[in-house]
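# Inside the fold
Now for the letters of each chain:
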Amino acid sequence: MPPLQPTPLPLLPVEPHDHTGAATLERLAAAPRYNRWMFDRLRRWVGPHVLEVGSGIGNLSDFLLDRDRVVLTDTEPFYLERLRAKFAGRPNVEVARLYLPTVDGALADERFDTIICLNVLEHVRDDGRSLAVMRALLRSGGRLLLLVPALPSIYGTLDAALGHHRRYTPRELREKFSTAGLTMRHLEYFNLAGILGWWFTGRVLRRSLIPAASLALYDALVPLFRLERLLPWRVGQSLIAIGERP
């Protein structure tokens, strides 16, 4: 199957509530190698019926279009309108509002074999309850694919500006998965190369937005960064956790 190509985004006269978050997503949309690298690390766990929690402007949603059913969600009208416009005409894609840890409407009655939640849980105050809610939306044997920021020691102005309540440790994730009734099937660090840049930008320069030029350079070097999987040990800017509903 040929690689999926990102769908162009139309401009809509709607303003986001979180301007920093929206600007960050727009800059990440211009980092296709990074987005594909992230999805490639998750691809083998993605089933045919997918719920994406916190789809934003659809940077990762593009890679889900070959699935049987995809429900894209977010909290803000700005993002929901962008998603509806971007994926209009896709019969297998639905867009719905979801504000963790609550689930409203028909979504509460549906069960998925895959829930994807990337760089979202750190924004939610009650992350433990949110994990339990996502577990309830899974079928038996279904999997939660989670990516969260790691290394609390590098928390800085970038995190604060994006509304991050925390950065996670492996032990913390294991404990929260267990409490939520999820069996941890896989846990690994991701993105070793991003640690220094995130620390320097957020702790030394104290900026609130990732510099576009730095992100462009980083994206160009992603083929090199992918080699981290060959290392006998690893640490990373993020953690990937795969949880399963028994």
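So, on to the overall build of the chain. Looking only at helices and strands, the chain features nine helices and seven strands. With respect to the three principal axes, the spread of C-alpha positions in the chain is 45 × 45 × 40 Å. Going through the 246 residues of the chain one by one, you find that 50% of them count as buried. Within the chain, residue pairs in contact and separated by at least 24 positions form 76% of the contacts whose partners lie at least 6 positions apart. Of the charged side chains in the chain, 32 are positive and 26 negative; the average position of the first set lies 5 Å away from that of the second.

This next bit is on unusual backbone geometry. Following L100, the chain continues into P101 via a peptide bond in cis, with omega recorded as 10 degrees. Mapping P101 onto the fold places it in the loop between β3 (93-97) and β4 (112-118). At L151, a residue that is not glycine, the phi angle is positive and equals roughly 65 degrees. Along the polypeptide, L151 turns up in the loop between β5 (138-149) and α5 (157-162). Here the phi dihedral of N191 falls at roughly 75 degrees; this positive angle occurs in a residue that is not glycine.

There is a patch of nonpolar side chains on the surface, built from L196, W199, F200, V204 and L205 and spanning about 460 Å² of accessible area. Residue position: V204 is located in helix α7 (residues 194-204). What makes V204 partly exposed here is its relative accessible area of 42%.

Moving on, we get to the packing of aromatic side chains. For the structure shown, the criterion picks out eight aromatic pairs. For the pair Y34 and Y218, a centre-to-centre distance of 5.9 Å together with 65 degrees between the ring planes defines the contact as edge-to-face. Separated by 184 residues along the polypeptide, Y34 in helix α2 (residues 32-40) and Y218 in helix α8 (residues 212-220) bring together distant segments of the chain. Residue Y34 shares its accessibility class with Y218, and that shared class is buried. Relative to F190, the ring of W37 has its centre 4.5 Å away and its plane inclined at 55 degrees; by these criteria the two rings are tilted.

What follows concerns the sheet that holds strand β7 (residues 238-244). Taken together, the seven strands give an open sheet; going across it, the order is β3-β2-β1-β4-β5-β7-β6, and neighbouring strands pair in mixed fashion. The outermost strands of the open sheet, each flanked by one partner alone, are β3 and β6 (183-190). Averaged over neighbouring strand pairs, the angle between their axes works out to 15 degrees when direction is ignored. Summarising the sheet, β5 and β7 pair through seven bridges and their orientation is antiparallel. Bridged to L146 within β7 is A241. With respect to the sheet, helix α6 (residues 170-180) is in contact with β5, β6 and β7, its orientation differing from that of β6 by roughly 160 degrees.

For a regular strand, the rule is simple: side chains alternate between the two faces of the sheet. When you tally the buried positions in strand β1 (residues 49-53), you get four out of five residues, the bulk of the element. As defined by bridge partners, β1 adjoins strand β2 (residues 69-74) across four bridges and the pair is classed as parallel. Residue pairing for β2: V50 is matched across the bridge by V70. Note that β1 and β4 share four bridges and pair parallel. Within β4, the residue paired with E52 across the bridge is I116.

Residue placement: E188 occurs in strand β6. In this structure the side chain of E188 is engaged in a polar contact, spanning 3.2 Å, whose partner is the side chain of R41. A polar atom in the side chain of E188 sits 3.3 Å from the side chain of H186. What E188 contacts, discounting residues up to four positions off in sequence, is R41, R229, R234, S238, L239 and I240.

About the cut-offs
- Residue numbers run consecutively from 1 along every chain, following the written order of its sequence.
- Only residues with pLDDT of at least 70 get local features here, since the model is predicted, and only at 80 or more are side-chain atom pairs given and counted; chain-wide, interface and lining totals rely on the full set of residues.
- Remark: hydrogens and water are excluded; side-chain values derive from all non-hydrogen atoms of the structure.
- Secondary structure elements follow DSSP: runs of H or I no shorter than four residues count as helices, runs of E no shorter than two count as strands, and numbering proceeds from the N terminus.
- When a residue's accessible area, from a 1.4 Å probe over protein chains only, is under 20% of the maximum for its type it is buried; when over 50% it is exposed; and in between it is partly exposed.
- We call two residues in contact when some of their heavy atoms are within 4.5 Å.
- Positive charges are assigned to Lys and Arg, negative charges to Asp and Glu, while His and the chain termini are left out of the count.
- A charge is said to be at NZ when it belongs to Lys, at CZ for Arg, at CG for Asp and at CD for Glu.
- Candidate patch residues must exceed 30% relative accessible area and have no salt bridge, after which like charges are joined if within 9 Å and Val, Leu, Ile, Met, Phe, Trp or Tyr side chains if within 5 Å.
- Working definition of accessibility: Shrake-Rupley area with a 1.4 Å probe, residue cover restricted to the visible protein chains.
- In the sections that follow, a salt bridge refers to a side-chain nitrogen of Lys or Arg positioned within 4 Å of a carboxyl oxygen of Asp or Glu.
- When two rings of Phe, Tyr or Trp (its six-membered ring) have centres within 6.5 Å they constitute a pair, described as stacked for plane angles under 30 degrees, edge-to-face for angles over 60, and tilted for the intermediate range.
- At least two bridges found by DSSP between two strands are what make those strands a pair.
- Lines fitted to C-alpha atoms define the axes here, with helix axes fitted over just the stretch in contact, and angles between the N-to-C directions of these axes take values from 0 to 180 degrees.
- Polar contact criterion, stated in full: a pair of N or O atoms within 3.5 Å, where within protein one must be able to donate a hydrogen and the other to accept it, and residues adjacent in sequence count only if both atoms are side-chain atoms.

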